[in-house]
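Observations on the model geometry
Listed below are the residues making up each chain.
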Amino acid sequence: MALMITDECINCDVCEPECPNGAIYQGEEIYEIDPDKCTECVGHFDEPQCQQVCPVDCIPLDPSHSESKDQLMTKFLKLTGKA
C-alpha cells in the first residue's frame, strides 16, 4: 500500500526531505503523498522513513491504494529506472 498523511499533520516539514522517491509534497493545507511515487521505501530502506520521523504519527497505510511488497518493488524499479 502507499502511505497517506492524515489531517493530524502539523506541517513540521520533517517528512518531505526523508522521502527517497519525492512522493511527499506540500498540499493546500497539509503535506500529501503521491501514491504513484510512494513505495513505502521498499527498495531504499527497511521501513518507511516518513513514518520514522513523524512526530505526531499521522502517516498510516492508505487503504485505497493496496499494494503487495512485490508490487511496491516493481514500482521502485520503474521509478529508479532499474526496470
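Before any of the text, the structure's been laid out above.
Structure report, in brief. (Residues numbered from 1 in each chain as written. Predicted model: local features only at pLDDT ≥ 70, side-chain atom pairs only at ≥ 80, totals over all residues. Heavy atoms only, no water.)

1. Some thoughts on the overall build of the protein chain
So the rule is basically this: Per the convention used, a helix needs a DSSP run of H or I reaching at least four residues, while a strand needs a run of E reaching at least two, with both numbered from the N terminus. Note that the radius of gyration is over C-alpha atoms, with the globule rule given as 2.2 Å times the number of residues to the power 0.38. Only heavy atoms enter the contact rule, under which two residues are in contact if any of them lie within 4.5 Å. Positive charges come from Lys and Arg, negative ones from Asp and Glu, while His and the chain ends are left out of the count. Think of each charge as sitting on NZ of Lys, CZ of Arg, CG of Asp or CD of Glu.
Counting its regular elements, the protein chain contains two helices and two strands. Radius of gyration (C-alpha) of the protein chain: 12 Å, near the 12 Å computed for a compact globule of 83 residues. Its C-alpha atoms put the protein chain at 35 × 25 × 25 Å along the principal axes. Considering only residue pairs separated by 6 or more positions, the protein chain has 65% of its internal contacts joining residues 24 or more positions apart. Each charge class in the protein chain can be summarised by its mean position, and for the 5 positive and 17 negative side chains these summaries are 13 Å apart.

2. Brief notes about a negative patch on the surface
Our working rule: The patch calculation keeps residues exceeding 30% relative accessible area without a salt bridge and links them within 9 Å when they carry like charges or within 5 Å when they are nonpolar (Val, Leu, Ile, Met, Phe, Trp, Tyr). Only the protein chains shown count as cover for residues, and the accessible areas themselves come from Shrake-Rupley with a 1.4 Å probe. Whenever a carboxyl oxygen of Asp or Glu lies within 4 Å of a side-chain nitrogen of Lys or Arg, that contact is scored as a salt bridge.
On the surface, Asp7, Glu8, Glu28, Glu29, Glu32 and Asp57 cluster together to form a negatively charged patch. By the element assignment, Asp57 lies in the loop between helix H1 (49–53) and helix H2 (69–79).

3. Overview of the side chain of Thr6
The line we're drawing: Categorising residues by exposure relies on relative accessible area from a 1.4 Å probe, with only protein chains included: less than 20% of the type maximum marks a residue as buried, more than 50% marks it as exposed, and the intermediate range marks it as partly exposed.
By the element assignment, Thr6 lies in the segment before strand E1 (24–26). The exposure class of Thr6 is buried, given its relative accessible area of 18%. For Thr6, the residues in contact, after removing those within four places along its chain, are Ile30, Cys58 and Pro60.

4. So, the environment of Lys69
Within the secondary structure, Lys69 is located in helix H2. According to the relative accessible area criterion, Lys69 is exposed, its value standing at 54%. Once the C-alpha coordinates of Lys69 and Tyr31 are considered, the two residues, 38 residues apart in sequence, prove to be 24 Å apart. If sequence neighbours within four positions are ignored, Lys69 has contacts with Glu40 and Val42.

5. Details of unusual backbone geometry
Not every positive phi belongs to a glycine, and Asp13 is a case in point at roughly 75°. Structurally, the position occupied by Asp13 is in the segment before E1. Not every positive phi belongs to a glycine, and Cys41 is a case in point at roughly 70°. Structurally, the position occupied by Cys41 is in the loop between strand E2 (31–33) and H1. Judged by its relative accessible area of 7%, Cys41 falls in the buried class.

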